[in-house]
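Below, each chain spelled out in residue letters.
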Amino acid sequence: MSKEVETMMIDAGHRNDLGHPLDYRELNRLIREAICAGEERLVLMNVIGQRYIASATSNPNTRIEIHGTPGNDLGAFLNGGTIEVFGNAQDVTANTMNDGMIIVHGNSGDITGLAARGGTLLVKGNSGYRVGIHIKEFEGVGVKLVIGGFVNDYLGEYMAGGTILILGQGVEDSPVGLHVGAGMHGGRIYVRGPVEKHQLGPGACLAEMNDKDFKTVDTLIDQYEKAFSVEIDRSIEYSKIIPLDSRPFRGHYDSTTI
Amino acid sequence: MKPIVTIPEKYRPTIDHEACIRCKKCIKACSYGALEFKDDKVKVAKGCVACVRCVFECPTDAIIVNELPKQFAPHAVFSPEIRRSLISQANSGGVLLSSCGANAEYMDIFNDILLDAAQVTNPSIDPLREPVETKTYLGRRPGKVVVDDNGKIDLDASETPIVIMDMPIMIGHISLGSISYNAQAALFRAATQLNILAGTGEGGLHNDFYPMAKNLCAEVASGRFGVTSHYLKEVSCVDIKIGQGAKPGHGGHLPGEKVQKLISETRMIPLGTDALSPYPHHDIYSIEDLQQLISVLKESTEYKVPVGVKIAAVHNVGAIASGIVRAGADFLTIDGLRGGTGSAPRVIRDHAGMPIEIAVSAVDQRLEQEGLRDKVTLCASGSIRTAADMIKCIALGADVVGVCTSAMIAMGCTVCQQCHRGACSWGIATQKPELTSRLDIEIATQRIVNMFHAWNEELKEILGAMGIDSVESLVGNRDRLRYIGPNPRIAEILDVKHSGEGWG
């Protein structure tokens, strides 16, 4: 039997005398104080749009469960620990995440994973525009983004590293929008389903899946299946998108001394 | 046949072969390959950029670098510069790169402004014998003092995070990548010794520099290079970079050749790939979005450090500044169009933006009108070359000035405008080990410290001469300035009287 971990509950929807729910500053202060006091498992109930939850959390043992709808910038600058949302997340989830894990049992909004360079983000449902913009990798470790449904335009824009997997569940045709990988110069995007050449942005190209790719995809799907207790049909054909060049703007500039 | 036309040489070293002892130091010094050793003589090849490193190295003063005649028939409209740029573009088809600040004479207004001094009715102060305060506070002003029930000042409620500096000077944001490790080390050490701030630039912070973090201002730019929670919590303030005066509206682009181990580690990106900073922050499309980034940075730093915003001076700067202060910025940096850069498209560097003199006055006036000025620290940068520029800029409305190029000149930079080529012979704007090792950190540090110390003394001299005993009393004191330039409309916009106009 695993060690019993005490759970601390915070009611984020608790109304004050004026009928207002907990202010985001107050909520985040409570979370920080709890983590500082050694609490490892936090449950936030009735979350109602409070922003910046758990930003800059660093302790790898911290586990934050969120019930309700967290606001923008959930888990920004996250450096360790796990955040699990039983609901939808809003925009800029996992902003500049460095490490740790965010699991969303719902949809996430625009610019999910902006500039993240490490850790894992699993979204059960769909996500918005510019998902995984400018994500990176460093010393072989990159961020991993898995979106269960579809995403909108500009997936993986400016991408410098890391891995994106779009599972396209419940989507008949292509689960990604237009301008995929615009300006991308590193990393890889896997899409479970078709991607046409016209959907790609400048700097991106389609490539054949190899054994390593299938292994990466399998590992990510394992994680997804485990997180959401679902089963994914792995027989559907994948599209792989990689950068044409790690130096996309070579030749664009003239550095002659005039 | 290649469609390449050679652009005429601009500079040419001449060697005094009688004085020359053939030590070949100059050949080693030249990182542009403009000197070679042939037939037992130092000979001149092509490509001299007038960085004058060879002159510095020559033990017998045998080298003079001359500017060559223009090699173009004179024309009043198509200047040699324009013709050179057109030839180069016809050769390459590329966007012309440049570096350092804008290289156009028409943009200078500091030279058209004169300072006041005290005579008879308001006695001057001797700063060598009487205290003249130059301590400067960076951060949001609470605007009020909260008194508790016992009549005592409630410090917790009255205090906001501030940074105290000994001079109204901040060394601007210059990233590791645009300059070398040694150059950044010297800037940071100088800031620590002077107890002023230095900007980290957007390239993150190298592990070795963390001990100096209390004198550093972290930059969060659109690329978010090297930005981690640890980094944000260690530094003394955080600056969101929206724009840079040398290239308003443009992103950053550190070419892959410069992304070697040191840079890759600090920026936390793969080796050898281009480090691209997107043109906009993709999470900021409005003042409300900016407010979110400010707030999340404050949350992430637990409200312990001031969070600021840096923008390039553009035409609507007053309204934008007002929005930024309303969005919660604790300090606001305006970077004028003459500001420096390690690399920027020439067309933007020389043509986009607004001189800092006008921008700082416009922002100061606008914030004042809206009742916001006393809430925020206003920093101004963009070719603050000397103490005189600094003093004029403060009187025009800035609390703090940002200085970069002058600090580089203190280190050895000769403003040859080749930073974007990555072969700086002075070891400043380069990542090549054989060049970076030329810059001695200790000497460079001392030289920067000396220069800013002298500026501060000059500031005190001027304050004393004006009969002002604290630099805070000079901020926005435009009545102590007079305009002497050709265009009285500029004086009107600056809210500065014309020379010859008194108080009444």
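Residues numbered from 1 in each chain as written. Chains lettered and ligands numbered in written order. Predicted model: local features only at pLDDT ≥ 70, side-chain atom pairs only at ≥ 80, totals over all residues.

(A) Quick peek at the overall build of chain B. Summing up its helical and strand segments, chain B has 16 helices and 21 strands in all. Out of the 504 residues in chain B, the part that is buried amounts to 53%. Contacts in chain B between residues far apart in sequence, at least 24 positions, make up 68% of those at least 6 positions apart. (Helix = DSSP H or I, 4+ residues; strand = E, 2+ residues; numbered from the N terminus. Buried ≥ 20, exposed ≤ 12 C-beta atoms within 10 Å, placed from the backbone. Contact = placed C-beta atoms within 7 Å.)

(B) Local environment of the overall build of chain A. Helices and strands together make up the secondary structure of chain A, namely two helices and 14 strands. Taking 18 Å as the expected radius of gyration for a compact globule of 258 residues, we find that chain A reaches 19 Å, a close match to that expectation. In terms of its C-alpha atoms, chain A occupies a principal-axis envelope of roughly 60 × 55 × 35 Å. Residues classed as buried in chain A amount to 51% of the 258 residues present. For chain A, the proportion of contacts with a sequence separation of at least 24, taken over those separated by at least 6, is 41%. (Rg over C-alpha atoms; globule rule 2.2 N^0.38 Å.)

(C) View of the sheet that holds strand S20 (residues 481-483) of chain B. Residues and elements named next belong to chain B. With mixed pairing, the three strands of this open sheet are ordered in space as S6-S20-S21. A strand with exactly one partner marks an edge of an open sheet, and here the two such strands are strand S6 (113-115) and strand S21 (497-498). Where S6 meets S20, three bridges bridge the pair, whose relative direction is antiparallel. Its bridge partner being in S20, Leu115 is matched across the sheet by Leu481. (Pairing = 2+ DSSP bridges.)

(D) Region of the structure containing the domain arrangement of chain B. Residue and element names in this part refer to chain B. Structurally, chain B comprises domain 1 (11-94) and domain 2 (161-252 + 283-469). Domain 1 and domain 2 are separated by 33 Å when their C-alpha centres are compared. Residue-level contacts link nine residues of domain 1 with seven residues of domain 2. Taken together, the residues of the side of domain 1 that touches domain 2 sort by class into seven nonpolar, one polar and one charged. (Domains from an automatic or database assignment. Nonpolar A, V, L, I, M, F, W, Y, C, P; charged D, E, K, R; others polar.)

(E) Here's a closer look at the interface of chain A and chain B. Counting residues at the interface gives 43 residues for chain A and 39 residues for chain B. The residue makeup of the side of chain A that touches chain B, split by class, is 16 nonpolar, 18 polar and nine charged. Note: strand S14 (residues 253-254) of chain A against strand S5 (residues 95-98) of chain B, two bridges, orientation parallel. Its bridge partner lying in S5(B), A:Asp254 is registered against B:Leu96.

(F) Region of interest: unusual backbone geometry. All names here are of chain B. The residue Lys24 is not glycine, and still its phi comes out positive at about 65 degrees. Its location among the elements puts Lys24 in the loop between strand S1 (11-15) and helix H1 (25-29). Lys24 sits in the partly exposed class, given 14 other C-beta atoms within 10 Å. One non-glycine residue, Glu302, lies in positive phi territory at about 55 degrees. Relative to the assigned elements, Glu302 resides in the loop between helix H8 (287-300) and strand S15 (307-312).

(G) Representation of the sheet that holds strand S6 (residues 120-123) of chain A in the model. All names here are of chain A. What the 11 strands build is an open sheet, ordered S1-S2-S3-S4-S5-S6-S9-S10-S11-S13-S12; its pairing is mixed. Two strands bound the open sheet, and with one partner strand each, they are strand S1 (7-11) and strand S12 (204-207). On average, adjacent strands in this sheet sit at an angle of 15 degrees to one another, irrespective of strand direction. Bridge analysis of strand S5 (residues 99-104) against S6 gives four bridges, and the strand direction is parallel. When the bridges of S6 are listed, Ile102 appears paired with Leu121. Here helix H2 (residues 211-228) sits on the sheet in contact with S5, S6, strand S9 (144-147), strand S10 (160-166), strand S11 (186-192) and strand S13 (238-243), set at roughly 60 degrees to S6. (Axes fitted to C-alpha atoms, helices over the stretch in contact; angles between N-to-C directions.)

(H) Just the packing of helix H9 (residues 317-326) of chain B against helix H11 (residues 356-369) of chain B, in detail. All names here are of chain B. For the pair H9 and H11, interaxial distance at closest approach is 8 Å and the crossing angle is 55 degrees. With respect to H11, the element H9 is oriented oblique. Pair H9 / H11 crosses with right-handed handedness. Contact with H9, carried on its side by Val317, Gly318, Ala321, Ser322 and Val325, involves Ala359, Ala362, Val363, Arg366 and Leu367 of H11 and no other residues of that element. In terms of residue class, the contact of H9 with H11 is built from seven nonpolar, two polar and one charged. (Parallel < 35°, antiparallel > 145°, perpendicular 65-115°, else oblique. Left-handed = near helix turned anticlockwise from the far one by under 90°.)

(I) Examining H2(A) more closely. Residue and element names in this part refer to chain A. The terminal C-alpha atoms of H2 lie 26 Å apart, and with 18 residues this matches the ideal 26 Å at 1.5 Å per residue to within 8%. Where the residues of H2 are buried, they touch S6, S9, S10, S11 and S13. Remark: Ser229 follows H2 within two positions and exhibits a positive phi of approximately 50 degrees. (Expected span 1.5 Å × (residues − 1).)

(J) Region of the structure containing the pairing of strand S9 (residues 169-173) of chain B. Residues and elements named next belong to chain B. Burial of S9 is extensive: five of the five residues sit out of reach of the surface. With three bridges joining them, S9 and strand S19 (residues 400-403) adopt parallel strand pairing. When the sheet's bridge partners are listed, Met170 is paired in S19 with Gly402. Two strands pair when backbone bridges link them, and S9 and strand S10 (residues 197-199) are joined in this way by three bridges, in the parallel orientation. Among the inter-strand pairings, Met170 is bridged to a residue of S10, identified as Leu197. In this region the chain leaves S9, passes through helix H5 (residues 181-194) and returns to the parallel neighbour S10; the handedness of that crossover is right-handed. (Right-handed = clockwise from strand over helix to strand, strands pointing away.)

(K) Region of the structure containing H9(B). Residues and elements named next belong to chain B. Of the positions making up H9, those classed as buried are Val317, Ile320, Ala321, Ile324 and Val325. For H9, the angular spread of the buried residues around the axis is 135 degrees, confining them to a single face. Following H9 by one or two positions, Gly328 has its phi on the positive side, about 110 degrees. (Arc of directions from axis to C-beta.)

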